[in-house]
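So you can see what is in the structure, the chains are spelled out below.
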Amino acid sequence: MERSKYAWIARHKKSWPIAIACDVPGVSASGYFEHRRPKPQQSKPSTRINEPILLTQIRAIHAQVKGEYGWPKVYKELLARGLKVGKERVPLAALPWMR
């Protein structure tokens, strides 16, 4: 029932001021505007890789290439393996022990 009231107001908002259009079905103007406001999206679970897993992956790549890759190639290899990681995170995680 409420939706039909709001639909009626939406159909007539060009002909009548919102305050008057809300009086006809007995709805408050604030209720109408609240109904029109987009509902907040449910937050998605984080896909961020935690630090120990990232370090394990970086060390595995580093060992496979016998230490020949620097952080840019390690970053590209992580992406190729399907791991979502930011470019800035790889050197921060890897450089202290890759030297």
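Anything mentioned here points back to the structure above.
Structure report, in brief. Just so you know, these numbers come straight off a predicted model, no measurement behind them. (Residues numbered from 1 in each chain as written. Predicted model: local features only at pLDDT ≥ 70, side-chain atom pairs only at ≥ 80, totals over all residues. Heavy atoms only, no water.)

## With respect to the nonpolar core
Right, so step 1: In terms of nonpolar packing, the biggest core is built from 12 residues, these being Ile 49, Leu 54, Leu 55, Ile 58, Ile 61, Val 74, Tyr 75, Leu 78, Val 85, Val 90, Ala 93 and Ala 94.
Right, so step 2: Mapped onto this core, the elements with two or more residues apiece are helix H4 (51–64), helix H5 (71–80) and helix H6 (89–98).
Right, so step 3: Judged by nonpolar contacts, the second largest core, of 6 residues, contains Tyr 6, Ile 9, Ala 21 and Val 27. (Core = buried A, V, L, I, M, F, W, Y, C linked by side-chain atoms within 4.5 Å. Buried < 20%, exposed > 50% of the residue type's maximum accessible area, 1.4 Å probe, protein only. Helix = DSSP H or I, 4+ residues; strand = E, 2+ residues; numbered from the N terminus.)

## A few points about the packing of aromatic side chains
Note on aromatic pairs: each is described by the distance of the centres and the angle between the planes.
Right, so step 1: All chains considered together, the criterion is met by 2 aromatic pairs.
Right, so step 2: Between Tyr 6 and Tyr 32 the ring centres are 6.3 Å apart and the planes differ by 45 degrees, which places this aromatic pair in the tilted class. Of the two residues, Tyr 6 sits in helix H1 (residues 2–12) while Tyr 32 sits in helix H3 (residues 29–36), which places them 26 residues apart along the sequence.
Right, so step 3: Ring plane angle 65 degrees and centroid distance 5.3 Å describe the contact between Tyr 32 and Phe 33, whose orientation is recorded as edge-to-face.
Right, so step 4: According to the relative accessible area criterion, Tyr 32 is buried, its value standing at 1%.
Right, so step 5: Three or more aromatic residues joined by ring pairs make a cluster, and in this case those are Tyr 6, Tyr 32 and Phe 33. (Phe/Tyr/Trp six-rings, centres within 6.5 Å; stacked < 30°, edge-to-face > 60°.)

## Some details on the packing of H4 against H5
Right, so step 1: Taken N-terminus to C-terminus, the directions of H4 and H5 make an angle of 110 degrees; their axes are 10 Å apart at the nearest point. On the basis of their axis angle, the class for H4 and H5 is roughly perpendicular. H4 and H5 meet at a crossing whose hand is right-handed. On H5, the residues touching Leu 54, Gln 57, Ile 58 and Ile 61 of H4 are Val 74, Glu 77 and Leu 78.
Right, so step 2: The residue makeup of the contact of H4 with H5, split by class, is 5 nonpolar, 1 polar and 1 charged. (Axes fitted to C-alpha atoms, helices over the stretch in contact; angles between N-to-C directions. Parallel < 35°, antiparallel > 145°, perpendicular 65-115°, else oblique. Left-handed = near helix turned anticlockwise from the far one by under 90°. Contact = heavy atoms within 4.5 Å. Nonpolar A, V, L, I, M, F, W, Y, C, P; charged D, E, K, R; others polar.)

## Focus on the pattern of salt bridges
Two side chains with opposite charge may pair up if their charged atoms get near one another.
Right, so step 1: Taken as a whole and assessed by the stated rule, the structure comprises 3 salt bridges.
Right, so step 2: Here Arg 37 makes a salt bridge to Glu 34, at a shortest N to O gap of 3.2 Å.
Right, so step 3: Overall, Glu 34 belongs to the partly exposed group, its relative accessible area being 43%.
Right, so step 4: Across the pair Glu 77 and Arg 81 runs a salt bridge whose closest N-O atoms are separated by 3.2 Å.
Right, so step 5: When its relative accessible area of 32% is taken as the criterion, Arg 81 is described as partly exposed. (Salt bridge = Lys/Arg side-chain N within 4 Å of Asp/Glu carboxyl O.)

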